[in-house]
Amino acid sequence: MPNEKILTRIIKSFVILAAYGFVIYKLAGYYASWKSEGLPETFEWSTGWFLLVLVLMGLNWLLEAFRWKKLVQDIQNISILQSLKAVLSGIAIGLLTPKRIGDVGGRCMMMKPENRYQGLMAFGLGSLLQSGVTLLFGILSLLMILAAGKLIPEQKTTFLALATSLGIILFFLITRLPSIKSLLLKIPWIHPENRTLEYLDRQKSSHLMRIFALGMIRYLVFATQFVLLLNLFGNNIALLHAYIAIGMMYFLITFIPVSSLAELGIRGSIAAFTFSFFTPHTEGAILAASGLWIINLALPALAGAWIIGFTKNNIDMPSPGTLFQTLPRKSLAFINRYSRKPSRD
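Going along each chain's sequence as written, the residues are numbered from 1 onward. Residues qualify for local features only when their pLDDT is at least 70, as the model is predicted, and side-chain atom pairs are given and counted only at 80 or more; totals for whole chains, interfaces and linings, by contrast, use all residues. Side-chain numbers come from the whole structure's heavy atoms, not from hydrogens or water.

*Asks:* I'm lost on the overall build of the protein in this one. Help?
*Replies:* Working definition: helices are DSSP H or I runs of at least four residues, strands are E runs of at least two. Numbering for both runs from the N terminus. In terms of regular secondary structure, the protein is built from 14 helices and 0 strands. For the protein, the α and β elements follow one another from N to C terminus as α-α-α-α-α-α-α-α-α-α-α-α-α-α. For each residue, the accessible area found with a 1.4 Å probe, counting protein chains only, is set against the maximum for its type, and the residue is called buried under 20%, exposed over 50%, and partly exposed in between. Taken over 345 residues, the protein has a buried fraction of 48%. Here, two residues are considered to be in contact whenever any of their heavy atoms come within 4.5 Å of each other. Counted over contacts in the protein with a minimum sequence separation of 6, partners at least 24 positions apart contribute 76%. Carbon and sulfur atoms make up 67% of the accessible area of the protein, which amounts to about 18,000 Å² in all. Computed by Shrake-Rupley with a 1.4 Å probe, the accessible areas treat only the displayed protein chains as cover when residues are assessed.

Laid out in structure tokens, this is it:
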């Protein structure tokens, strides 16, 4: 339909303009901060270190593309290039939403319409496994910080309680997928989507462990990027201490609910906090956190926005009307029924 095509083009144009505008706005703020505060006195530019960080950025998202391909392999067979396009599109949309929740929409819209709802399950499982990786390294970092006596009693209690509760929840979610399906099927408007939830039944432990291992490799890649940027900005912290601080930083970033719109500032604050356990000079850590956000998220988001707007994929891009068709029929009926009720305000 002509009107639907026009609306689709408007949405695509909005994604492109919003993504590019957001990145430019953040880069301008980043540059202004550099200009006002200046670089650390120990800063020494190294083209070699910087190029290595960029190479690892490509490896990071190539690993994520391979991970996404594995997650959806029993839903839809896609090439590694199609998977990479889906990942980059997800980054572009996710950058504009709280906790990058729009990432799932960007990835699933690259799938066939009949597979998108199962793609949502695949994304949820992948996020769960990656959170497990972050939690694992976060707990290891926390234990090392505790062993070094770096936390005051109140901080010890808070962090231990948070890590323990999250660990128990994630362990249950990852190891008891059939039980999760049974619980979800008790929800009235989810029950008719039994076929979609069968995705969870098909996931074997060996397959989940391989995806978890890929997540660990990817984690080590972007943690190493952070270490390289630390060296670039003249923060000569011990290598072990750097990885401990990075592990604690990503743990806090992952489990603190913040919008992507504020994430760049939050990253800098958390980096300053975690690195303060090992060095009073946290400027390099703040700059490294901001720089890695630009390299690993902002630049790929620009590529993702371009893919959404201008690339014709082998897999059909969904129209706005088609997107709504992927919602469960019962949930649509629920929305329609209650949207007709008069407001009590």
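What follows picks up the thread again.
*Asks:* Is there a simple way to explain the packing of aromatic side chains in this structure?
*Replies:* Two measures describe an aromatic ring pair: the distance that separates the ring centres and the angle between the ring planes. Stacked, edge-to-face and tilted labels apply to pairs of Phe, Tyr and Trp rings (six-membered ring for Trp) whose centres lie within 6.5 Å, assigned for plane angles under 30 degrees, over 60, and everything in between, in that order. Here the structure, examined in full by the defined rule, presents 7 aromatic pairs. Pairing Tyr-219 with Tyr-250 gives two aromatic rings, centres 6.1 Å apart and planes at 70°, and the pair type is edge-to-face. Note that Tyr-219 is positioned in helix α9 (residues 205–232) and Tyr-250 in helix α10 (residues 239–255), a separation of 31 residues in sequence. Under the relative-accessibility criterion, Tyr-219 is labelled buried at 3%. With a centroid separation of 5.1 Å and 65° between ring planes, the pair formed by Phe-222 and Tyr-250 is classed as edge-to-face. Of this pair, Phe-222 sits in helix α9 while Tyr-250 sits in helix α10, and the two are 28 residues apart along the sequence.

*Asks:* It is not clear to me how the pattern of salt bridges should be interpreted in this structure. Could you clarify?
*Replies:* When the charged atoms of two side chains with opposite charge come close together, those side chains can pair. For salt bridges, the criterion is a side-chain nitrogen of Lys or Arg within 4 Å of an Asp or Glu carboxyl oxygen. Enumeration over the complete set of coordinates arrives at 5 salt bridges. For the salt bridge of Arg-202 with Asp-74, the shortest nitrogen-to-oxygen distance reads 3.0 Å. Taken together, the positions of Arg-202 in the loop between α8 (194–201) and α9 and Asp-74 in the loop between α2 (47–71) and α3 (80–94) put the pair 128 residues apart, joining distant regions of the chain. The partly exposed category is assigned to Arg-202, whose relative accessible area is 33%. Salt bridges sharing partners connect three or more residues here, namely Glu-64, Arg-67, Asp-103, Arg-107 and Arg-218.

*Asks:* Looking at this structure, how should I read the packing of α3 against helix α12 (residues 283–310)?
*Replies:* Axis angle and axis distance: for two packed helices, these are the angle between their axes and the distance between the axes, and together they describe the pair. Axes here mean lines fitted to C-alpha atoms, for a helix over just the part in contact, with angles spanning 0 to 180 degrees between N-to-C directions. At a minimum axis separation of 7 Å, α3 and α12 run at an interaxial angle of 110°. By the angle between their directions, the pair α3 and α12 is classed as roughly perpendicular. In contact with Lys-85, Leu-88, Ser-89, Ile-91, Ala-92 and Ile-93 of α3, α12 contributes Leu-297, Pro-300, Ala-301, Ala-303, Gly-304, Ala-305, Ile-307 and Ile-308. Ten residue types, Ala, Val, Leu, Ile, Met, Phe, Trp, Tyr, Cys and Pro, are classed as nonpolar, four, Asp, Glu, Lys and Arg, as charged, and the remainder, Gly among them, as polar. Grouping the amino acids of the contact of α3 with α12 by side-chain chemistry returns 11 nonpolar, 2 polar and 1 charged. Under this scheme an angle from 65 to 115 degrees is roughly perpendicular, one under 35 degrees roughly parallel, and one over 145 degrees roughly antiparallel; angles in between are oblique.

*Asks:* Teacher, can you tell me more about α9 here?
*Replies:* In a helix, the anticipated span is given by 1.5 Å times the number of residues less one. With 28 residues, α9 should reach 40 Å at 1.5 Å per residue; the first-to-last C-alpha distance of 41 Å fits that figure. Where α9 ends, the next residue or the one after it, Gly-234, has phi of about 80°, a positive value.

*Asks:* It is not clear to me how the nonpolar core should be interpreted in this structure. Could you clarify?
*Replies:* Here is a general trend for soluble globular proteins: nonpolar side chains tend to be buried in one another's company. Of all hydrophobic cores here, the largest spans 84 residues; its most connected members are Trp-68, Tyr-199, Phe-226, Leu-229, Leu-230, Tyr-250 and Phe-275. If you tally residues by element for this core, the top one is α9, at 14 residues. Aside from chain neighbours lying at most four places away, what touches Leu-230 is Asn-235, Ile-237, Ala-242, Phe-275, Gly-284, Ala-285 and Ala-288. Here, nonpolar core means buried Ala, Val, Leu, Ile, Met, Phe, Trp, Tyr and Cys residues that are tied together by side-chain atoms lying within 4.5 Å of each other.

*Asks:* Got a minute to help me understand the environment of Ile-145 in this structure?
*Replies:* Checked against the element boundaries, Ile-145 lands in helix α5 (residues 116–147). A relative accessible area of 0% places Ile-145 in the buried class. Sequence separation of Ile-145 and His-241 is 96 residues, and the distance between their C-alpha atoms is 9.2 Å.

*Asks:* Honestly, the environment of Gly-247 in this entry has me stumped. Any pointers?
*Replies:* Mapping Gly-247 onto the fold places it in helix α10. Not counting residues within four places of it along the chain, the set of residues in contact with Gly-247 comprises Phe-137, Gly-138, Ser-141 and Tyr-219.

*Asks:* Just checking my understanding: could you explain the confidence of the model for the protein for this structure?
*Replies:* As a per-residue measure, pLDDT tells how confident the predictor is, with possible values from 0 to 100. For the protein, the mean per-residue pLDDT works out to 77, and 68% of the residues sit at or above 70. Averaged over each element, pLDDT in the protein is lowest for helix α14 (residues 329–339) (40) and highest for α2 (94). The low-confidence segment residues 318–344 (pLDDT under 50) makes 25 contacts with residues lying over four places distant or belonging to another chain.

*Asks:* I'm lost on the packing of α9 against α10 in this one. Help?
*Replies:* Contact pair α9 / α10: the axes reach a minimum separation of 10 Å and the direction vectors enclose 120°. With respect to each other, α9 and α10 are oriented oblique. Of the two elements, α9 crosses α10, and the hand of that crossing is right-handed. Of the residues in α10, those touching α9 at Tyr-219, Phe-222, Ala-223, Thr-224, Phe-226, Val-227 and Leu-230 are Leu-239, Ala-242, Tyr-243, Ile-246, Gly-247, Met-249 and Tyr-250. Of the residues contributing to the contact of α9 with α10, the split by class is 12 nonpolar, 2 polar and no charged. Rotating anticlockwise by less than a right angle from the far helix to the near helix defines a left-handed crossing, while the corresponding clockwise rotation defines a right-handed one.

*Asks:* Explanation requested: a nonpolar patch on the surface in the structure shown.
*Replies:* Nonpolar side chains (Val, Leu, Ile, Met, Phe, Trp, Tyr) within 5 Å and like charges within 9 Å form the patches, drawn only from residues with over 30% relative accessible area and no salt bridge. A surface patch of nonpolar side chains, about 350 Å² in accessible area, is lined by Leu-62, Phe-66, Ile-80 and Leu-81. Listed by contribution, the elements that provide at least two residues to the nonpolar patch are α2 and α3. Mapped onto the secondary structure, Leu-62 falls in helix α2.

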